[in-house]
Each structure stands twice: as structure tokens, then as C-alpha cells.
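# Architecture and fold: a report
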Amino acid sequence: MTEAATLVIKADLGAIKQARDFVAVTFGAWRLDDDVARTVISELATNAIRHGSRAGDPVVVRAYRRDDGAAVLEAWDVSDVPPVVRPVNYAAESGRGLLLIEALVRRWGTRPLTEGGKVVWAELEPVPA
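Residues numbered from 1 in each chain as written. Predicted model: local features only at pLDDT ≥ 70, side-chain atom pairs only at ≥ 80, totals over all residues. Heavy atoms only, no water.

## Side note on the overall build of the chain
- When you go through the chain residue by residue, the secondary structure sums to three helices and five strands.
- What you see in the chain, going N to C, is helices and strands ordered as β-α-α-β-β-α-β-β.
- Here the C-alpha atoms of the chain give a radius of gyration of 14 Å, agreeing with the 14 Å that 2.2 N^0.38 yields for 129 residues.
- By principal-axis analysis of the C-alpha atoms, the chain measures approximately 35 × 35 × 25 Å.
- The burial tally for the chain puts 43% of its 129 residues in the buried class.
- Expressed as a percentage of contacts within the chain between residues at least 6 apart in sequence, the contacts between residues at least 24 apart total 64%. (Helix = DSSP H or I, 4+ residues; strand = E, 2+ residues; numbered from the N terminus. Rg over C-alpha atoms; globule rule 2.2 N^0.38 Å. Buried < 20%, exposed > 50% of the residue type's maximum accessible area, 1.4 Å probe, protein only. Contact = heavy atoms within 4.5 Å.)

## Concerning the environment of W76
- Assignment of secondary structure puts W76 in strand β3 (residues 71-77).
- It is 15 Å that separates the C-alpha atoms of W76 and L13, two residues lying 63 residues apart in sequence.
- The residues touching W76, leaving out its near neighbours within four places in the chain, are P58, V59, V60, R62, L113, K118 and V119.
- Polar contacts involving the side chain of W76 include one to the side chain of E74, which spans 2.9 Å. (Polar contact = N/O pair within 3.5 Å; in protein donor to acceptor, adjacent residues only side chain to side chain.)

Below, the structure written as C-alpha cells:
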């Protein structure tokens, strides 16, 4: 596993661009295409901010590569409540983020943090830039 690249943002939807830019730079250094990664981190960070944090809470965004080459993105928040994939509601204006993630990544999941809160992670297929 490579050393994780880490960014801490405040729980504010305006910080999502910082998370996307961070992933773009990190994937660029790895010489990987960042299109899917930027979409995935946008969804993970948005969920961490909207559903797992209060305004101003820290949200940790991490990226690393596993020994098999897979790229992993994570978003850490302070909530212990796991994410829930909702049934598709075509009339809703939101609520499809995890369905999108499921379609874009190898696999995803969640794990608790020992100090409280959780990590939601997504494993991406590495695509050369």
C-alpha cells in the first residue's frame, strides 16, 4: 500500500471542490485517469457533509493505492450511522449517490473509527491517464 494522501476539509458543501481538486492532483501524481475518482469523491464527501457531520466538523478525505494497484478513496465523518442505499425514486431530486458509486467502483463499504464516526471507502479500477 502506498502512503495515504490526506486532506481535511470543513463540513461545508463549498469544500467539495477542494476534495475533487485534491483527488485530481493525487491521481495525476499516480498517472491515473481521475474522471471517475472525482465523481466518487464528490459523492462520498457530500454524503459525509450532509449526513455525517454538523456545520464546521472536520471531514477527512484520503486516497491511497493498494499493492494490487487498486486506488481507494475514503471520506471520514463523525457519525456512527452507516450509509443506506435507497430504492430508486425517479421523482426525487437526490438520493442516488450510493447507486452511482455502486455503478462506478469495484466495491465500496464502511468501517467504524475507534474514536467514533465512520469511514466510507470506495475501491476504483486503476485506469492509466
